[in-house]
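# Per-entry structural report
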Amino acid sequence: MSTDDALLKQASIQAQDSTLVATFDIDGSIPGSGAYVVGLVGATPDYSTQRRLCIEFMNGEAIAFYSFNREQGLEENYDLAGVTHSENRITGQFPRTAINGLGQGHVMTGFSDADGRDFQSGVPVEENL
């Protein structure tokens, strides 16, 4: 995958009742070959508590949809029905509990990985929680 492909332009997350809707807009297309992951990292200001909300693709198709609680080492997988995507927009509907423990004043950034390598990090996230 070229570094010109699938650049994460912006990310957002908003609360809708018991659901968190995360949207990722990319410049380019979801890669048609290889692995590609988009996600959000949420953390307390001191980073002692961290949550990752991730959507993983293989060869252009969504294959995994999950959250990861770093300090507990727990991954929770969700039904892929919660993921929609077009060439340049990816949306995931996570349960609100995926960010439990972050509280007010948390920090949140977007990231992407390509073929197992960090591709982008620190992408600003528009929040409406």
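Higher on the page you've got the structure.
Structure report, in brief.

Scoring rules and cut-offs
Residues numbered from 1 in each chain as written. Predicted model: local features only at pLDDT ≥ 70, side-chain atom pairs only at ≥ 80, totals over all residues. Heavy atoms only, no water. Pairing = 2+ DSSP bridges. Helix = DSSP H or I, 4+ residues; strand = E, 2+ residues; numbered from the N terminus. Axes fitted to C-alpha atoms, helices over the stretch in contact; angles between N-to-C directions. Buried < 20%, exposed > 50% of the residue type's maximum accessible area, 1.4 Å probe, protein only. Contact = heavy atoms within 4.5 Å. Polar contact = N/O pair within 3.5 Å; in protein donor to acceptor, adjacent residues only side chain to side chain. Salt bridge = Lys/Arg side-chain N within 4 Å of Asp/Glu carboxyl O.

Turning next to the sheet that holds strand β1 (residues 7-16). Judged by pairing direction, the sheet is mixed, and its 10 strands sit side by side in the order β6-β5-β4-β3-β9-β10-β1-β2-β8-β7 without closing on themselves. Single-partner strands in this sheet number two, and they are β6 (74-77) and β7 (83-85). On average, each strand axis in the sheet is inclined to that of its neighbour by 20 degrees, with strand direction left out of account. In the sheet, β1 pairs with strand β10 (residues 117-128) via 4 bridges, with the strands oriented parallel. Among the inter-strand pairings, A11 is bridged to a residue of β10, identified as V125.

With that settled, the discussion passes to the environment of D25. As for its position among the elements, D25 is in strand β2 (residues 19-27). Looking at D25, the relative accessible area reads 12%, which means it is buried. For the pair D25 and S86, spaced 61 residues apart in sequence, the C-alpha to C-alpha distance is 9.8 Å. Not counting chain neighbours up to four residues away, the residues in contact with D25 comprise L7, L8, K9, Q10, N88 and R89. A distance of 2.6 Å separates the side chain of D25 from the side chain of R89, its partner in a polar contact.

In the structure shown here, the tally under the stated rule is 2 salt bridges. The residue D25 makes a salt bridge to R89 at a minimum N-O spacing of 2.6 Å. With a gap of 64 residues between them, D25 in strand β2 and R89 in strand β8 (residues 89-95) connect regions that are remote in the sequence. One salt bridge in this structure joins E71 and R51, with 2.6 Å as the shortest N-O distance. A residue pair is termed long-range when its members are at least 10 positions apart, and E71 in the loop between β5 (61-69) and β6 and R51 in strand β4 (residues 50-58) qualify at 20 residues. Using a relative accessible area of 41% as the deciding quantity, one classes E71 as partly exposed. Given a relative accessible area of 9%, R51 falls into the buried group.

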